[in-house]
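Chains, contacts and geometry: an overview
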Amino acid sequence: MSTQSPCLKTVITGEYPVLVRRIAARIAELVRFKPNAVLGLATGATPIPIYEALVRYHRQEGIDFSRVVCFNLDEYYPILPASPQSYHHYMQNNLFRKINCPTWHVPSGEAASQDMIEEACHQYEMQIQNAGGIDLQLLGIGRTGHIGFNEPGSQRHSRTRLVNLDRETREDAVADFGSDKDVPRQAITMGIGTILEAREIILIARGEKKRTITQLAMDGPVVAEVPASYLQEHPRVSWYLDGALENNLPQLL
Ligand code: GLP
């Protein structure tokens, strides 16, 4: 007899602004219901309007983030927190300087020895555990199928660690860094195992260039070559697909 909980695949499709509203409403609902909720947050272009919506919830409806604890998925390495390309800077700029949430964490991308990095990654895992685990993890998806910066080859039970970035991922970051040589070759990321321990997961995929990889992640085999495919093993994951991917729905379902 299997003791595994059934995996519920929820697919929500629609125009991107509608998806953004629904995701922000879910996060606001969670924070209202559980004022000390633990949120796992993502970066990239896709979640920015979600953060803008959360700022509006805070300013217009008084949603209180003062007891919420946030953990970001990843950070480039090496990078200084004050660097305009750092995810630390991104989160401060897009969300935390605009809401009342004093407790937020982004993995440190500051240059350190191998031992210090491993210790910092271990500490990050401990901080998540001590906060009670992540209630809701927001995810984007990279062109390589990465979640966080878990590139193809990442193992199911991987934890927070230093990783090498794939060529495509680095290409996608050139717009932010200005030139190829300035894009860091490495990053610190929560592991697949860390992400799968979140009690609820929301993945949002937007645009034509995410179509094939999202389809593979949702309905292909669960393999290390497509790290987002591990989400199929999570009992409570919602896939939010915008209009460009919706057209593909007959194949996706
Ligand atoms: C980066 C982040 C990922 C994110 C991805 C997609 O690689 N580390 O967490 O999902 O970008 O970004 P975008 O939303 O800009 O396509």
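Counting restarts for each chain, with residues numbered from 1 along the sequence as it is written. Residue-level local features of this predicted model are given only where pLDDT is at least 70; pairs of side-chain atoms are given and counted only at 80 or more, and the full residue set underlies all totals for whole chains, interfaces and linings. As a convention, hydrogens and water are excluded, and side-chain values are obtained from all of the structure's heavy atoms.

A look at helix α5 (residues 167-177)
To be explicit about the condition: Buried residues are those whose accessible area, probed at 1.4 Å on protein chains only, stays under 20% of the maximum for their type, while exposed residues exceed 50% and partly exposed ones sit between those limits. Strands are runs of DSSP state E lasting at least 2 residues, helices are runs of H or I lasting at least 4, and numbering of each runs from the N terminus. Each C-beta atom gives one direction from the helix axis, and the arc is the one those directions make. Contact between two residues is taken to exist if any of their heavy atoms lie within 4.5 Å; hydrogens are not considered.
Along α5, the residues that are buried comprise T169, R170, A173 and F177. What you see down the axis of α5 is that its buried residues fit within an arc of 90°, all on one side. Turned more than 90 degrees away from the buried face of α5, the exposed residues are R167 and A175. Packed against the buried residues of α5 are β4 (74-77). Two residues or fewer after α5 comes G178, characterised by a positive phi angle close to 95°.

Structural notes on the sheet that holds strand β9 (residues 200-205)
Convention followed: Each pair of strands is called paired provided DSSP finds at least two bridges between the two strands. The axes used here are C-alpha line fits, helices contributing only the stretch in contact, and every angle between their N-to-C directions lies in the interval 0 to 180 degrees.
Read from one edge to the other, the open sheet built from 7 strands follows the order β1-β10-β9-β6-β2-β3-β5, with strand pairing classed as parallel. Pairing within the sheet leaves two strands with one partner each, and these edge strands are β1 (8-14) and β5 (103-105). Ignoring which end each strand starts from, the neighbouring axes of this sheet average 15° apart. Summarising the sheet, strand β2 (residues 38-41) and strand β3 (residues 69-72) pair through 4 bridges and their orientation is parallel. Of the residues in β3, the one forming a bridge with V38 is V69. Here helix α3 (residues 87-96) sits on the sheet and contacts β2, β3 and β5; the angle it forms with β5, its principal contact strand, is near 145°.

A few points about the site of the ligand
As a reminder, the rule being used: The cutoff for a nearby residue is simple: one of its non-hydrogen atoms must lie within 4 Å of the molecule or strand. Nitrogen and oxygen atoms within 3.5 Å of one another constitute a polar contact, given that in protein one can donate a hydrogen and the other can accept it, and given that sequence-neighbouring residues count only through two side-chain atoms. Here the open area of atoms and residues is found with the Shrake-Rupley method and a 1.4 Å probe, where only the protein chains shown may cover a residue.
Residues in close proximity to the ligand include T43, G44, A45, T46, D74, Y87, G140, I141, H146, G148, F149 and K210, which together make up its full environment. I141 has a polar backbone atom sitting 3.3 Å from an oxygen atom of the ligand. Burial of the ligand by the surrounding chains reaches 85%, relative to a free accessible area of 390 Å².

Here's the deal with the side chain of R170
Tracing the backbone through its elements, the reader meets R170 in helix α5. Looking at R170, its side chain comes within polar contact range of the main-chain oxygen of P184, at 3.2 Å. The residues touching R170, leaving out its near neighbours within four places in the chain, are L165, D180, V183, P184 and R185.

Re α3
Listing the buried residues of α3 in full gives Y87, Y90, M91, N94, L95 and F96. Each buried residue of α3 lies within a common arc of 140° when the element is viewed along its axis, so the set occupies one face. Here the buried face of α3 lies against β2, α2 (48-61), β3, β4 and β5.

Interpretation in functional terms is not warranted from these geometric data alone.
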